[in-house]
Amino acid sequence: MARPNDEVAALLREYADLLAITGKDAFKQRAYERAARAIGGHPADVSRLDAGELRAIPGVGRSIADKVEEYLRTGRVAAVEAARGELPPGVRELTAVPGLGPKKALTLCRERGIASVDDLAAALREGRLAGLRGFGPRTVENLLRGVELLRASGGRVLLDAATALAEEAVAALEAAPGCERAAPAGSLRRMRETVGDLDLLAAAREAGPVMDAFAALPFAAEVIARGETAMAVRTPGGLRIDLRVLPPDAWGAGLLHFTGSREHAARIRELAARRGLRLSEYGLFDAETGRRRAARTEAGVYRRLGLPWIPPVLREDRGEIEAARRGELPRLVTEEDLRGDLHTHTSLTDGLAPLSEMAAVATERGYEWFAVTDHAPDLRMQRMTKEKILAQREELRALQGSFGGMRLLHGTELNIGPEGGVDWPGDFLAGFDVCVASIHSHFGLDRAAQTRRLIRACENPHVHVIGHPTTRKLGSRGPIDADLDAVFAACARTGTALEINGHPNRLDLRDEHVLRARAHGVLFAVDSDAHTPGELAHTRYGIGTAQRGWLTPAEVVTTWPLDRLRRFLAERGR
DNA sequence: GCCGTTTTCGGCCCGACTGTTTTCAGTCG
């Protein structure tokens, strides 16, 4: 079961969507969206708040607070039920189809009785949309492809794939005649865990040559749209890439606008409006005189609004604007802060490179220490034994000193059993420098059992880090069902660190969990979980997640110098 | 429906592109 905040947020979001589809007041709809976001991201459990505390959440007033209380008390909200009653239940999912918004969804429902994506697909195939106002042949074609796309991909790509595409595209744009600079914006720049489409920006006086270079990219399979300064292409895999070409002197305003999030940008524009200014991708203007006040740099635009520059990873309207105003933005952890990695594999188990090779690449990354943590025997397919791991320890000791000043640490990745036990007895575990413990099986246990096993693993005095705590895999496996707040509290109590696994298909913990765990006072380990030397660089995505969770270096044990890390490993506390 | 260091009422964020339009609504970011 979801936590109350998520349930309430989902309900408010549904209500906002229903208001949009049925054409109700757009401002009311926006108010519900804002409240949903605020409640979803609120650190305290809404089911434990009184009316006053509820209304203290920004965007929650009397009416919404009443509905939240009604929901928590009765499990339903009359107003939402009524709105649901106005539409067949499947209509809302129609708006997930690219190119299909609330207005067209309503038309389809009212005029043709279409109430689901499947209905829509059938109607399109059978030509039943003919004669419907606003649904000409081009629209029908686009909707067909939209349905196809929605079904094929679920819509989003992993961060590493998006990063690779963006880097290649940016290099090509920068090489175009007249292009002064180019950069990714959007959710990629904010380091969201997946990317729905790619936003690129370029600065040039003449847009034409830059757009030509964009259209000529090898992965630009199809041009979806092309205007004076904006265009969009689709990759063979179905990913949409948007390009916007800006005048060079509007670079900062454009970057801010297209980096988003939409919610953050909207609040910044609102802030500007309140000061008699108007913000667009072309700059910050005096609303009366039209004179431009700032545009060249992001920092300049923020400064003009009385704010310091806000890092893109924080721009989600999760309190960053308020923190910026108070001068309390965190000093975010960066990749340069990392001094080591506590979760890596070698060819002794399922890694692809020997210990010496992994360590050599770790040295190149400038690490001060480096832990090798191959799988323990309960993961049967790895065929691990005491003898094999002790032999690895000898090998590691023999290599100690071969990698400049970098210190090698010997560890293992234990398996958390269904009851919370781990592979080896305590006296054997005591021989390791570091133990990571992770769930690799029994994903289907109920919430109480999952919570119990994780807490037991935390309480094991030999366990230093809980690896990929929710075990989700993006696009293929959901998270286990556990009371994470109870687990976070146990980690804080026992001094066990939670991993932020940087593998792009894990990113586990995810940003929202990091924010919540942080409120409990938990320590974190940003790790690569590398199975090849190249994957050691996956920490960049883990760092992105850590930053989105507002973490500072002090909270991340993998940024600590060796002596401090050793104290943590010895005492497992602070 | 929310909100207030000019406001407790009257505001509430901005622009590009597409398609089906003879002047603009819908969608998206």
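Since the structure is predicted, the reported quantities are computational estimates derived from the model, not experimental observations.

## As for the protein's contact with DNA strand B
And then number 1: Contacts to DNA strand B come from 47 residues, most closely from Arg30, Gly99, Gly136, Asp197 and Arg269.
And then number 2: Taking the atoms of DNA strand B that fall within 4 Å of the protein, sugar and phosphate contribute 79% of them.
And then number 3: Gly59 has a polar backbone atom sitting 2.8 Å from a phosphate oxygen of DNA strand B.
And then number 4: Glu270 is positioned with one of its side-chain polar atoms (N or O) 2.8 Å from a phosphate oxygen of DNA strand B.
And then number 5: Within the surface near DNA strand B, the residues separate by chemical class into 16 nonpolar, 12 polar and 19 charged.

## Some points on the confidence of the model for chain A
Note: predicted coordinates in regions of low pLDDT should not be interpreted at a detailed level.
And then number 1: Of the residues in chain A, 98% reach a pLDDT of 70 or more, and the chain-wide mean stands at 90.
And then number 2: The element-level mean pLDDT for chain A is lowest in helix H9 (residues 137-153), coming to 81, with strand S16 (residues 524-527) highest at 98.

## Side note on the packing of aromatic side chains
And then number 1: As enumerated under the stated definition, the model contains 5 aromatic pairs in all.
And then number 2: A ring pair is formed by Tyr15 and Tyr32, whose centres lie 4.7 Å apart and whose planes are at 85°; its orientation type is edge-to-face. Of this pair, Tyr15 sits in helix H1 (residues 4-21) while Tyr32 sits in helix H2 (residues 26-40), and the two are 17 residues apart along the sequence. Assigned by exposure class, Tyr15 and Tyr32 land together as buried.
And then number 3: Between Phe428 and Phe432, the ring centres sit 5.8 Å apart and the planes meet at 80°, which makes this aromatic pair edge-to-face. Taken individually, Phe428 and Phe432 each receive the classification buried, so the pair is uniform in this respect.
And then number 4: Taken together, the aromatic side chains of Trp424, Phe428 and Phe432 make up a single cluster linked through ring pairs.
And then number 5: In this structure, Lys104 packs its charged tip against the face of Phe135, placed 5.8 Å from the ring centre.
And then number 6: Above the ring of Trp560, the side-chain terminus of Arg564 is found at 3.8 Å from the ring centroid.

## What to know about empty space enclosed by the protein
And then number 1: Counting across every chain of the model gives 2 cavities of 30 Å³ or more.
And then number 2: Around the largest cavity, the lining residues are Leu11, Leu12, Tyr15, Lys67, Val68, Val77 and Val80.
And then number 3: Going through the elements one at a time, H1 and helix H4 (62-74) are the ones with two or more residues in the lining of the largest cavity.
And then number 4: Considering only residue class, the lining of the largest cavity consists of 6 nonpolar, no polar and 1 charged.
And then number 5: Within this model, the second largest cavity holds a volume of roughly 30 Å³.
And then number 6: What lines the second largest cavity is simply Ala253, Leu256, His257, Ala265, Arg269, Leu279 and Ser280.
And then number 7: When contributions to the lining of the second largest cavity are tallied by element, the ones reaching two or more residues are helix H13 (251-259), helix H14 (262-274) and strand S8 (277-280).
And then number 8: For the lining of the second largest cavity, the element with the highest residue contribution is H13, accounting for 3 residues.
And then number 9: Here the residues of the lining of the second largest cavity are counted per class, giving 4 nonpolar, 2 polar and 1 charged.

Calculation notes
Residues numbered from 1 in each chain as written. Chains lettered and ligands numbered in written order. Predicted model: local features only at pLDDT ≥ 70, side-chain atom pairs only at ≥ 80, totals over all residues. Heavy atoms only, no water. Near = heavy atom within 4 Å. Polar contact = N/O pair within 3.5 Å; in protein donor to acceptor, adjacent residues only side chain to side chain. Nonpolar A, V, L, I, M, F, W, Y, C, P; charged D, E, K, R; others polar. pLDDT = per-residue confidence, 0-100. Helix = DSSP H or I, 4+ residues; strand = E, 2+ residues; numbered from the N terminus. Phe/Tyr/Trp six-rings, centres within 6.5 Å; stacked < 30°, edge-to-face > 60°. Buried < 20%, exposed > 50% of the residue type's maximum accessible area, 1.4 Å probe, protein only. Lys NZ or Arg CZ within 6 Å of the ring centre and 35° of its normal. 1 Å grid on protein atoms, 1.4 Å probe; cavity = no way out; pocket = protein on both sides within 12 Å on 5 of 7 lines; lining within 4 Å. Points joined across faces, edges and corners; volume = space filled by probe spheres on them.

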